[in-house]
Amino acid sequence: MLAAMVVAFGTLAVLLVDTIVTGWPELDRQLFTDPPSTVPEEAGARPAILATLYLGLIVLLLSVPIGVLTAVYLEEYANRERWWNRVIEVSIQNLAAVPSIVYGILGLAFIVRGIGIGRVVLAGALILTLVVLPTVIVASREAIRSVPDSIRQGAFALGATKWQVVWRQVLPAAIPGMATGSILALSRAVGETAPLIMVGAIVYVAFDPTLFGAYTALPVQIYNWTKQPDPTFQTLAAAGAIVLLAIVLAMNAVAIVLRNRYRRRW
Amino acid sequence: MSRPTKITAAAAVAAFALALAGCGGDGGGGGAITADGSSTVGPFTTKAAEDFRRESEGTEVTVGISGTGGGFERFCIGETDISNASRAIDEEEIAICEENGVEYLELQVVLDALTNVVNVENDWATCLTTDQLNAIWEPGSRIESWSQVDPSFPDVPLRLFGPGTDSGTFDYFTDAINGEEGASRTDYSPSEDDNVIVQGVSGERGGLGYFGFSYFEENQSRLEALAVDGGSGCVAPGVETAQDGSYTPLSRPLFIYVSLGSLEENESLEAFVRFTLENAQTIAEAAQYVPMSQEQLDEQLQKLEDALS
Amino acid sequence: MASTDVVARSALALPRKRIRWGEKLVQGLLFLAAAVSVLTTVGIVISLLLPAVEFFGEVSPLDFLTGTTWAPLFEPAHFGVVPLVVGTFMISLWSALVAFPLGVGVAIYLSEYAPPRVAATLKPVLEILAAIPTVVLGYFALTFVTPLLRDVGLDVEIFNALAASLVLGVMLIPTVASLSEDAMAAVPRDLRDGGYALGADKLQVSTRIVVPAAISGIIAAFVLAFSRAVGETMIVLIAAGQLPQITFDPRETIETMTAFIGATGNGDVPTGSIEYKTIFAVGLTLFLITLVLNLISIRLVRRFREVYE
């Protein structure tokens, strides 16, 4: 048993150490201020880093409301007997298992080509939102379920409408759980590469991202750099990985702290 | 969280979002240039774009590497302004461009010597004839070991890497070596990204791959180039042998195709193309390509002027 | 009686509850939010199905499902998906075989052996393992694990299935551990206590009582790990290669369904071509396989949850 723990944590440690050691030389201000370049000494990841943060923000703004509202619907309002509600439940379960690259295919067909907005930041954000939506829904449902019924009944007894009960009692109580779940889902969105490759996060982008502009995200930039055999680019890839890991781990840390501090004992 | 904290947090987020939206510069808007296509020509165009950006105060050029074929598909439906190509546009593609009303200008910008590369530990092969290359790469080829290429070679497993079928390099090589565009054995590791080929060959003792000269030049410490005997002796790929044509049959011109429609609409496109042609030699050397002669470039500049008038 | 009649009638005469339009609006909004998920599923099915159907108009489903050569873009083209499926299953099997014992071991340790405080600190660290972006893991597999395997003496190719599987397996440890832990936690204390009462030590109780009792949950964990591995893209794209071949030797290069889609899809997909359609045919196959695996694992999870509740 101990051996298993050692392997698991040992690998994690080795990964982190190897990445940090490899990438350290290139981890400088330039990484954050300069655009990519064919000359590795001058290359940076500024557009990619900004785009990743930008994508994360949009995903947060889209996935949380839709996810929370869906969870509220399923937990508080939906009549389980109705067939359409069962369809919704089954859909969510399946979507959670769909590989992220299939979302990329969906995005390519409908968002990039279908609606025709092209390979722009918004398209990437929409697809990532769909990728993480099932996770946000599941986390929110768990959070809502853990609010004891007595809270609801008390509010009803005082004459509140269903929505008032949800908005004023259930949701506030469920916020820590939902926040944790959302942040974890978000950290996953930030690290996703496959769907973005499918919708054209382009190779060489030297300008800062805008909503309807071309873009490349940090994971994609790292992927492009790993393919370059020149060792300086490999170092850059590792440096980019450090930044990405830092972002993802920071998000995870926030989520865990939130979970521990605000865990309510009913 | 208390209400004031929540409101502050929300305000901070909103401010950040607005700032990002605002400081996008001219990113996706007017003046931006989109290029896509060959991964052989890609780095050249990218270097041109970088240099141009410095001179022109931020005209944004994005460069994709979908492969020559993939680039034309996008170009001929009007999605891109420039198509990088490591072979000339073919009939099918011309037809699609006509269908969609896309008119273009074909410009040669730089030369290439298609290079066959092997692992640095490969000390037995230094030159292959076109017949040997054909035997290795032809459709249905059963050659699995170097000793089958030439009996004097050791019995080392042959590991093949090469461009995928969307690549102009693939088209050109198969045409030159196997006699027909697209005719090739299929059991090799294909990649649109030539860097993957570099990684593959440099990681396998028996590795053999082919791509544009610039990728060899950039990775000389990791790879060896083979000389090719096209019938008159072994010729090694290089700047001179490509320029004077003695490296046959694998020396070729590289192209950019510029959309005439985009030229009319987008002033910065004209400036970029002109810049690229005028500085083609310096860009080529910096990006480690084979530059064209000044005369050849002047011809291309003339083509541009003619098209613009 | 008259008075009760009056009371009854006045009770029935109470005005009906006023329909609160605000409530109705809210309910509508909520339903719309939930509908997004359904629309997404429908969207995925449509976006896969339509081009796939076109594809099967040109390529017979039988050839697709049973053909053993995957060379869709060559002349002559081969559309047998078997190598890709074998590649996917190989990777998934090896990863699950890595993740399974390690994951169960970690779960046993955390639930039976570790003191509560240690467990509480270690669990978040384990979650970090699951949160690492797959592109970083792929890079790690290519640049660290493959050379390591070669140093150890395993003659792996530069792109090989083993490195990818090892890294993917480790990434899945938290998933397996978490589900196994749930399964083992659901085993009632009485069973354990009975074992201890009979003089068994911790190891015997864990392995001979708890694990067998939790077996369906543990199997569910294995299936879940397997199905997650099936859907993984980046690690295999970077480290396992793009050579579709049928082989069961993990030291060789292979290509999975996901890697094919990722490498081909590359942002350029020219609509309408046969290349475009292969993405959807393979995507559809992948989608159906993950769907079936998902259904199986849901059934298994439900079964183990029922056993003790």
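Up top is the structure.
First, a word on what this report is: a plain description of the structure on this page. Everything numeric in this text was worked out from a predicted model, so none of it was measured.

1. Looking at the packing of aromatic side chains
No. 1: Counted by the stated rule, this structure contains 28 aromatic pairs over all chains.
No. 2: Ring geometry for Phe173 of chain B and Tyr210 of chain B: centres 3.6 Å apart, planes at 10 degrees, overall stacked. Here Phe173 of chain B is found in helix 7 (residues 168-178), whereas its partner Tyr210 of chain B is found in strand 9 (residues 207-211), with 37 residues between them in sequence.
No. 3: Overall, Phe173 of chain B belongs to the buried group, its relative accessible area being 1%.
No. 4: Judged by its relative accessible area of 0%, Tyr210 of chain B is buried.
No. 5: For the ring pair Phe211 of chain B and Tyr215 of chain B, a centre distance of 5.8 Å and an interplane angle of 45 degrees mean the geometry is tilted. When sorted by exposure, Phe211 of chain B lands in the same class as Tyr215 of chain B, which is buried.
No. 6: Among the aromatic residues, those joined into a cluster by ring pairs are Phe55, Phe56, Phe64, Trp70, Phe79 and Phe260 of chain C.
No. 7: Positioned above the aromatic ring of Tyr77 of chain A is the side chain of Lys162 of chain A, whose terminal nitrogen or guanidinium carbon lies 5.2 Å from the ring centre.

2. Things to note about helix 12 (residues 267-278) of chain B
No. 1: Counted at 1.5 Å a residue, the expected span for helix 12 of chain B with its twelve residues is 16 Å, and the 17 Å between its end C-alpha atoms agrees.
No. 2: Within helix 12 of chain B, the full set of buried residues consists of Ser268, Leu269, Phe272, Val273, Phe275, Thr276 and Leu277 of chain B.

3. With respect to the pattern of salt bridges
No. 1: The final tally for this structure, using the stated rule, is 26 salt bridges over all chains.
No. 2: Linking Arg189 of chain C and Asp193 of chain C is a salt bridge whose minimum nitrogen-to-oxygen distance equals 3.3 Å. Taken together, the positions of Arg189 of chain C and Asp193 of chain C, both in helix 8 (residues 189-197) and four residues apart, correspond to about one turn of that helix.
No. 3: Residue Asp193 of chain C is classed as partly exposed on the basis of its relative accessible area of 35%.
No. 4: One salt bridge connects Asp249 of chain C with Arg251 of chain C, and the closest N-O pair in it is separated by 3.1 Å.
No. 5: Residue classification places Asp249 of chain C among the partly exposed residues on the basis of a relative accessible area of 21%.
No. 6: The exposure class assigned to Arg251 of chain C is partly exposed, which follows from its relative accessible area of 32%.
No. 7: What you see here is one network of salt bridges that share partners, running through Glu75, Glu89, Arg141 and Arg145 of chain A.

4. Quick notes on the side chain of Thr41 of chain C
No. 1: By the secondary structure assignment, Thr41 of chain C is in helix 2 (residues 21-58).
No. 2: Those residues in contact with Thr41 of chain C, other than ones at most four positions away along the chain, are Ser91 and Leu95 of chain A.

5. Some thoughts on the interface of chain A and chain C
How large an interface is tends to be reported as the accessible area lost when its parts come together.
No. 1: On the side of chain C, 69 residues touch chain A, which itself brings 69 residues to the contact.
No. 2: Run the count over chain A and chain C and you get zero salt bridges.
No. 3: Remark: the boundary between chain A and chain C carries five residue pairs in polar contact (both at pLDDT 80 or more).
No. 4: Of the residues forming the side of chain A that touches chain C, the biggest block, twelve residues, is contributed by helix 1 (residues 2-23) of chain A.
No. 5: Grouping the amino acids of the side of chain A that touches chain C by side-chain chemistry returns 49 nonpolar, 15 polar and five charged.

6. A word on the state of the cysteines
Among covalent bonds in proteins, the disulfide is the one between the sulfur atoms of two cysteines.
Residues and elements named next belong to chain B.
No. 1: Per the stated rule, a full pass over the model turns up two disulfides over all chains.
No. 2: The disulfide partner of Cys127 is Cys234, and the S-S distance across this bridge is 1.9 Å. Sign of the S-S torsion, about -95 degrees for the bond between Cys127 and Cys234, identifies this disulfide as left-handed. One end of the pair, Cys127, is in strand 6 (residues 127-129); the other, Cys234, is in strand 12 (residues 234-235), and 107 residues separate them in sequence.
No. 3: When the cysteines of chain B that form disulfides are numbered from the N-terminus onward, they connect as 1-2, 3-4.

7. A look at the sheet that holds strand 1 (residues 33-37) of chain B
Residue and element names in this part refer to chain B.
No. 1: Taken together, the five strands give an open sheet; going across it, the order is 2-1-3-13-4, and neighbouring strands pair in mixed fashion. The open sheet terminates on both sides in strands that have one partner only, identified here as strand 2 (61-63) and strand 4 (104-113). The mean inter-strand angle of the sheet, taken between neighbouring strand axes irrespective of direction, is 20 degrees.
No. 2: As paired elements, strand 1 and strand 2 share three bridges and run parallel to each other. Counterpart to Thr34 in the pairing with strand 2 is Thr62.
No. 3: Helix 12 rests against strand 1, strand 2, strand 3 (82-85), strand 4 and strand 13 (251-259) of the sheet, and its axis sits at about 30 degrees to strand 4.

8. Here's the deal with the nonpolar core
No. 1: In terms of nonpolar packing, the biggest core is built from 235 residues, with Ile136, Trp137, Trp146 and Leu208 of chain B together with Ile44, Val106 and Ile261 of chain C touching the most fellow members.
No. 2: When near neighbours in sequence (up to four residues on either side) are disregarded, Ile136 of chain B contacts Leu128, Ser141, Ile143, Val149, Leu158, Leu160, Arg185 and Leu208 of chain B.
No. 3: Within the second largest apolar cluster, 26 residues are counted, among which are Tyr73, Tyr77, Ile92 and Leu171 of chain A.

Parameters and conventions
- Residues numbered from 1 in each chain as written.
- Chains lettered and ligands numbered in written order.
- Predicted model: local features only at pLDDT ≥ 70, side-chain atom pairs only at ≥ 80, totals over all residues.
- Heavy atoms only, no water.
- Phe/Tyr/Trp six-rings, centres within 6.5 Å; stacked < 30°, edge-to-face > 60°.
- Helix = DSSP H or I, 4+ residues; strand = E, 2+ residues; numbered from the N terminus.
- Buried < 20%, exposed > 50% of the residue type's maximum accessible area, 1.4 Å probe, protein only.
- Lys NZ or Arg CZ within 6 Å of the ring centre and 35° of its normal.
- Expected span 1.5 Å × (residues − 1).
- Salt bridge = Lys/Arg side-chain N within 4 Å of Asp/Glu carboxyl O.
- Contact = heavy atoms within 4.5 Å.
- Polar contact = N/O pair within 3.5 Å; in protein donor to acceptor, adjacent residues only side chain to side chain.
- Nonpolar A, V, L, I, M, F, W, Y, C, P; charged D, E, K, R; others polar.
- Disulfide = S-S within 2.5 Å.
- Pairing = 2+ DSSP bridges.
- Axes fitted to C-alpha atoms, helices over the stretch in contact; angles between N-to-C directions.
- Core = buried A, V, L, I, M, F, W, Y, C linked by side-chain atoms within 4.5 Å.

On their own, these measurements won't tell you what the molecule is for.
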